[in-house]
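For reference, the chains in residue letters:
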Amino acid sequence: MTDSIRYRPKQDLAHGGYHQTWIGKSDAELTEIGPNTPCGEYLRRFWHPVALASELGARPRLVQVLGEDLVLFRDKSDRIGLVHRRCPHRRSSLEYGVPEERGIRCCYHGWLFDIDGAVLEVPGQPKKVEERVCQTVTLGAYPVKDYKGLIFAYLGPPELKPAFPVYDTFDLPGQELVPYKAPFHCNWLQVLDAIVDPLHTAFLHSRTSREQFSKGFGEIGEMKFYDRTTSFLGTSTRRVGENVWVRTNELVLPNFTQAGAAFAADGSERRYYGRTAFVRWVVPLSDEETTCFAWAVFGDRADPPEYNTPEGCELIEQGELFDRSDEEKKLFPADAEATESMGTVTEHEKEHLVPSDRGIVGYRKRLRSLVRALQDGTEPVQAADGWHDSPIPTYGGDTVLHKPSNGSDDGALLRAVGEAVMEAQFEAEGLPEDERVESVVRRLKQIESDERVDQEFG
Ligand code: FES
Ligand SMILES: [Fe+2]
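For clarity, every value in this text was computed on a predicted model and none was experimentally measured.

About the cut-offs
Residues numbered from 1 in each chain as written. Chains lettered and ligands numbered in written order. Predicted model: local features only at pLDDT ≥ 70, side-chain atom pairs only at ≥ 80, totals over all residues. Buried ≥ 20, exposed ≤ 12 C-beta atoms within 10 Å, placed from the backbone. Helix = DSSP H or I, 4+ residues; strand = E, 2+ residues; numbered from the N terminus. Arc of directions from axis to C-beta. Domains from an automatic or database assignment. Nonpolar A, V, L, I, M, F, W, Y, C, P; charged D, E, K, R; others polar. Core = buried A, V, L, I, M, F, W, Y, C linked by C-beta atoms within 7 Å. Pairing = 2+ DSSP bridges. Contact = placed C-beta atoms within 7 Å.

## A few points about helix α5 (residues 199-207)
No. 1: All of the buried residues in α5 are Thr201, Leu204, His205 and Ser206. Buried residues along α5 cover an arc of 165° about the axis, so they all sit on one side.

## Section: the domain arrangement of the protein chain
No. 1: Taken domain by domain, the protein chain consists of domain 1 (47-160) and domain 2 (168-457).
No. 2: Per element, the largest residue contribution to the side of domain 1 that touches domain 2 is three residues, and it comes from strand β1 (residues 47-52).
No. 3: Of the residues assigned to the side of domain 1 that touches domain 2, the class counts are six nonpolar, four polar and one charged.

## Description of the nonpolar core
No. 1: Counting 113 residues, the largest nonpolar core has Ala296 and Val417 as its most contacted members.
No. 2: The two domains that each donate at least three residues to this core are domain 1 (47-160) and domain 2 (168-457).

## Some thoughts on the pairing of strand β4 (residues 80-84)
No. 1: As defined by bridge partners, strand β3 (residues 68-74) adjoins β4 across five bridges and the pair is classed as antiparallel. Bridge assignment links valine 71 to a residue of β4, and that residue is valine 83.
No. 2: In this structure, the hairpin formed by β3 and β4 is closed by a connection of five residues, where aspartate 78 is found at a positive phi of approximately 70°.
No. 3: Where β4 lies against strand β9 (residues 141-142), two bridges are found, and the strand directions are antiparallel. Among the inter-strand pairings, valine 83 is bridged to a residue of β9, identified as alanine 141.

## As for the environment of valine 83
No. 1: If you trace the backbone, valine 83 turns up in strand β4.
No. 2: As a C-alpha pair, valine 83 and threonine 21 span 62 residues in sequence and 44 Å in three-dimensional space.
No. 3: If we ignore the near neighbours within four places in the chain, the residues touching valine 83 are Leu70, Val71, Leu94, Phe113, Gly117, Leu139, Gly140 and Ala141.

## A word on the sheet that holds strand β8 (residues 119-121)
No. 1: The four strands lie next to each other as β5-β6-β7-β8, forming an open sheet whose pairing is antiparallel. On the outer flanks of this sheet lie β5 (98-99) and β8, each paired with one strand and no other.
No. 2: In this sheet, strand β7 (residues 112-113) lies alongside strand β6 (residues 104-105) in antiparallel orientation, the contact comprising two bridges. Of the residues in β7, the one forming a bridge with arginine 105 is leucine 112.

Encoded structure:
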């Protein structure tokens, strides 16, 4: 499977469905994520959220991630464990285990395991046997991090465990992070695609469904894609009356995504350097199931606090509530309908990619090269590399500038403004947050009043 934009010779004459009944191949190299698959191995080099902290009560919880069934539990000392589902004695599931002061006890014959997988007790056996089992047997276990309402896990080789990546949007002043999750009954790749597909917002979220966010989303913007090695940005720059609205979607490989506000920006009012409305990971549970774990973000630079409700988080995620009748889904389709209806794993061979899919082509190509490089022994670069003393800078967000059309080529003006807005942010990369805001906003105001931008490109 290649990533180049490709078309098949036209063989399907009118009413020629007969000629298209062949089954296209899925892109197995990127869609198969289970243990011992190349992509699964690559994904295991990163921290992923595996549950909402609010989902973990007193009893163990069965979770699935990267094709493995695992048991998440909190012991009575308030420590969290994530372990293989089945007990190493005779394979009972630890979802029926009993959390104790230290670790979890299997319901069947009472073996006790610590959160790191160590066997602590083997009751009912001669002392010698118990000692030998404790020294030679372990339960599979993974390290976890309970952070701002999400439980993250690292499922890769222990000796390669990377530092937990802290992005700048985890702690912006005046912003509240609210955890939520969104289920998708399909492969992770087709869920991930949407973030680098700025065109779909104009259709799925506006023209072909209903106005799910705001009127401005229905405008088709001038698109530009930025390939920044491990991150991909897609900007859509739209004209809304006398304003120019630059909206940036963001993917940091393998699966970290951000975008602008869902409800706070519609292009009608000035907005200087708005930031993301969600901080989100697209986590494959199996080849056919995906869950987006995320924080919805509320505050002046994200979405308004009145959307801080369970329903509000669903609307920010996809413009519609998740649980709807078939009738409503058909009237007002949203991301789940668009992506799940491709089939649990889409037939990539039957896609016909076009220029607005450049972001998708680009990120799949990079993902593939990283998966292959790991197979050849090269560990992937981590987003945190080079940012150990400060948060990792990110770009998902919105800026709206007052920039009337100059009567000439408005498309060229939009492209110029879009590029200048991104440049203003790239130049401020690495500054402490308050200086960064000051620098970016100053530059944005310059772009707004700078007639050279108009003249040069108008
Ligand atoms: S199956 Fe778990 S202790 Fe026997
Ligand atoms: Fe969408």
